[in-house]
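Now for the letters of each chain:
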Amino acid sequence: MKITDITIRHLKMTMKSPFTTSFGTFKDKEFLLLEAKNEDGTVGWGESVAFNAPWYNEETLKTNWHMLEDFLIPLILNKEIKHPDEVNQMFAPIRKNNMAKSTIEGAIWDIYAQQTNQSLAQALGGTKDKIEVGISIGIQNSIDELLRVVDGFLKEGYKRIKVKIKPGWDVDVIRSLREHFPNVPIMADANSAYRLKDIDLLKQLDEFDLLMIEQPLASDDIIDHAQLQKELKTPICLDESIHSLEDARKAIELGSTKIINIKIGRVGGLTEAKKIHDYCEEKGVPVWCGGMLESGIGRSHNIALTTLSNFILPGDTAGSNRYWEKDIIRPEVVATDGYIDVPQTPGIGYEVDRETVEAYTVAKKEYRSGGTTV
Ligand code: OSB
Ligand code: MG
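Residues numbered from 1 in each chain as written. Chains lettered and ligands numbered in written order. Predicted model: local features only at pLDDT ≥ 70, side-chain atom pairs only at ≥ 80, totals over all residues. Heavy atoms only, no water.

Enquirer: Lay out the confidence of the model for the chain in plain terms, naming residues and giving numbers.
Expert: Chain-level statistics for the chain give a pLDDT mean of 97 and a share of 99% at 70 or above. Here strand β16 (residues 371-373) stands out as the element of the chain with the lowest mean pLDDT, 66, in contrast to strand β9 (residues 236-238), whose mean of 99 is the highest. (pLDDT = per-residue confidence, 0-100. Helix = DSSP H or I, 4+ residues; strand = E, 2+ residues; numbered from the N terminus.)

Spelled out as structure tokens, the structure:
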């Protein structure tokens, strides 16, 4: 394939309800969508999972646009690409900026799957025709409100509940949840809100039989996580700390993590995500697919990735209606009884609803081999 044309759009979608983590609240989701056109006219879609502020990691929608426009798109336009795995190598001269890289790489995987007449899931080597999913629930105003929200999602069929925690919203919250839902698989995600000095508090969570605790300590720290895991019965799952196969290897060798949350954007794309998956499978470390409040396009990539065999634990890929009044794909992603059916048609397997994309677009720019047009 040869990419001749790339369009970047900045979209703004209003969330059905605000989503609060230990680092901030999302009311709107602003993100970049990337549309790549191959010389034969095939179109592929990618989504940047960078937020509009550097809360989760250092990348933002604007840094992604800068990296794409000034560095990554010029490395891709008009170059012969035989397989999407090559994109990783083409981007090797550029350090980090994984979410920006992943945005293009995802679109190229979509085109490759269409050209080889496979679903994206098949192109990645996935085997499942449905995937098990859970739901991630933000910090609420009160424990009563949280219990109501959890109850609502359990009634919708979600079977694994993840709740966000932070200092002051942790042990009491998890105790109440466990009392009300004695048999539900529950886990907690701290998004790096604690430090090793909080070990006594974190140890109190051990009595609630959590599936895991996600990223309790600093985002760049696998040393203290190893120390913490020695003292904790609850398995630690790293999210923010894992940016590559090498990071995964070191964290596993150190004993910093027993489970890995794979996010395609955080690790620089589907090729690296698959490598981490394969390595973890070999080591007997289960993985699951994280979420970044994606639109239907990013969601479709997550669904495809989750069909790989070592995605043993339910991920955070909930249905479109958990986030949006109207998603940008047709059909929307639907979770029934905690499962999502994997689309079987070539590529991402969902049609992009261009009219809705345009309605959410606040800025747009097109890049061509012969020069840029606005
Ligand atoms: O840490 O997994 C996270 C949302 C925004 C930023 C970070 C995270 C999350 C979630 C939500 O947990 C996952 C989703 O529903 O997409
Ligand atoms: Mg997380």
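Enquirer: Before we move on, could you go through the UniProt feature "active site" (unreviewed entry) in the chain and cite the residues and values that matter?
Expert: On the UniProt side, "active site" (unreviewed entry) is annotated at positions that read Lys164 and Lys263 here. Locating Lys164 in the fold gives a position in strand β6 (residues 161-164). Overall, the relative accessible area of 6% leaves Lys164 in the buried class. Not counting residues within four places of it along the chain, the set of residues in contact with Lys164 comprises Phe19, Thr20, Thr21, Ser136, Ile137, Gly138, Ile139, Trp169, Asp189 and Asn191. Tracing the chain through its elements places Lys263 in the loop between β10 (259-262) and α10 (270-283). The buried category is assigned to Lys263, whose relative accessible area is 6%. (UniProt positions renumbered as here; feature names shortened; annotations may be inferred. Buried < 20%, exposed > 50% of the residue type's maximum accessible area, 1.4 Å probe, protein only. Contact = heavy atoms within 4.5 Å.)

Enquirer: Quick one: what's the story with the side chain of Gln140, residue by residue and with numbers?
Expert: In this structure, Gln140 sits in the loop between β5 (135-137) and α5 (143-155). A distance of 2.9 Å separates the side chain of Gln140 from the backbone oxygen of Gly138, its partner in a polar contact. (Polar contact = N/O pair within 3.5 Å; in protein donor to acceptor, adjacent residues only side chain to side chain.)

Enquirer: Tell me about the site of ligand 1, residues and numbers included.
Expert: Surveying the vicinity of ligand 1 reveals 17 residues, the closest of which are Ser136, Lys164, Asn191, Leu293 and Tyr323. Leu293 is positioned such that a nitrogen or oxygen atom in its backbone is 2.8 Å from an oxygen atom of ligand 1. Contact with the protein chains removes 100% of the 380 Å² of surface that ligand 1 exposes when unbound. The class makeup of the residues in the shell around ligand 1 is 7 nonpolar, 3 polar and 7 charged. (Near = heavy atom within 4 Å. Areas by Shrake-Rupley, 256 points an atom, 1.4 Å probe, with all protein chains shown as cover. Nonpolar A, V, L, I, M, F, W, Y, C, P; charged D, E, K, R; others polar.)

Enquirer: For the environment of Val267, give the residues involved together with the corresponding values.
Expert: Structurally, Val267 can be placed in the loop between β10 and α10. As for Val267 and Thr21, which are separated by 246 residues in sequence, their C-alpha atoms are 21 Å apart. Among all residues touching Val267, those that are not within four sequence positions of it are Asn98, Ile242, His243, Ser244, Glu272, Ala273 and Ile276.

Enquirer: Go over the sheet that holds strand β7 (residues 186-189) with me, naming the residues and quoting the values.
Expert: Overall, parallel pairing links the 7 strands, which are arranged β5-β6-β7-β8-β9-β10-β11 in an open sheet. Taken across any chain shown, the strands that pair with only one partner, and hence form the sheet edges, are β5 and β11 (287-289). Bridge analysis of β10 against β11 gives 3 bridges, and the strand direction is parallel. By the bridge assignment, Ile260 is partnered in β11 with Val287. Packed on one face of the sheet, α5 meets β5 and β6 and runs near 165° to β5. (Pairing = 2+ DSSP bridges. Axes fitted to C-alpha atoms, helices over the stretch in contact; angles between N-to-C directions.)

Enquirer: Pulling in residues and values, what's your account of the coordination of the magnesium ion (ligand 2)?
Expert: Ligation of the magnesium ion (ligand 2) by protein atoms is provided by Asp189 (OD), Glu214 (OE) and Asp239 (OD), these donors lying 2.1 to 2.3 Å from the ion. Read from N- to C-terminus, the donor residues coordinating the magnesium ion (ligand 2) fall into the pattern D-x24-E-x24-D. Separated by 25 residues along the polypeptide, Asp189 in strand β7 and Glu214 in strand β8 (residues 213-214) bring together distant segments of the chain. (Donors = N, O, S within 2.8 Å, 3.2 Å for Na, K, Ca; no water.)

Enquirer: Can you tell me about helix α11 (residues 296-306), naming the residues and giving the values?
Expert: Residue pairs spaced three or four apart in an α-helix point in one direction, given the helix's 3.6 residues per turn. Of all 11 residues making up α11, 11 are buried, and the element is well covered by its neighbours. When we look at burial in α11, the residues that qualify are Gly296, Ile297, Gly298, Arg299, Ser300, His301, Asn302, Ile303, Ala304, Leu305 and Thr306.

Enquirer: Give a description of unusual backbone geometry that names residues and reports values.
Expert: Put simply, Arg330 and Pro331 share a cis peptide bond, and its omega is -10°. Within the secondary structure layout, Pro331 lies in the loop between β12 (329-330) and β13 (339-341). A positive phi is found at Asn97, a non-glycine position, where the angle reads about 50°. Position of Asn97 relative to the elements: it lies in the loop between α2 (85-90) and α3 (98-115). One non-glycine residue, Asp209, adopts positive backbone phi at about 55°. Positionally, Asp209 belongs in the loop between α7 (199-204) and β8.

Enquirer: Any chance you could break down the packing of helix α9 (residues 245-254) against α10 for me, citing the residues and the numbers?
Expert: Two numbers describe how α9 lies on α10: the axes approach to 9 Å, and their chain directions differ by 25°. Overall, the two elements α9 and α10 adopt an arrangement that is roughly parallel. Read as a crossing pair, α9 and α10 show a hand that is right-handed. In this structure, α9 contributes Leu245, Ala248, Arg249, Ile252 and Glu253 to the contact, and α10 contributes Glu272, Lys275, Ile276, Tyr279 and Cys280. Its residues assigned to classes, the contact of α9 with α10 shows 6 nonpolar, no polar and 4 charged. (Parallel < 35°, antiparallel > 145°, perpendicular 65-115°, else oblique. Left-handed = near helix turned anticlockwise from the far one by under 90°.)

Enquirer: An account of the packing of α5 against helix α6 (residues 171-180) is requested, with residue identities and associated values reported.
Expert: Where α5 contacts α6, the axes come no closer than 10 Å and their chain directions differ by 45°. With respect to their mutual orientation, α5 and α6 come out oblique. When you trace α5 past α6, the crossing you get is right-handed. Along its contact with α5, which presents Ile143, Leu146, Leu147 and Val150, the element α6 presents Asp172, Val173, Ser176, Leu177 and His180. Classifying every residue of the contact of α5 with α6 by side-chain character gives 6 nonpolar, 2 polar and 1 charged.

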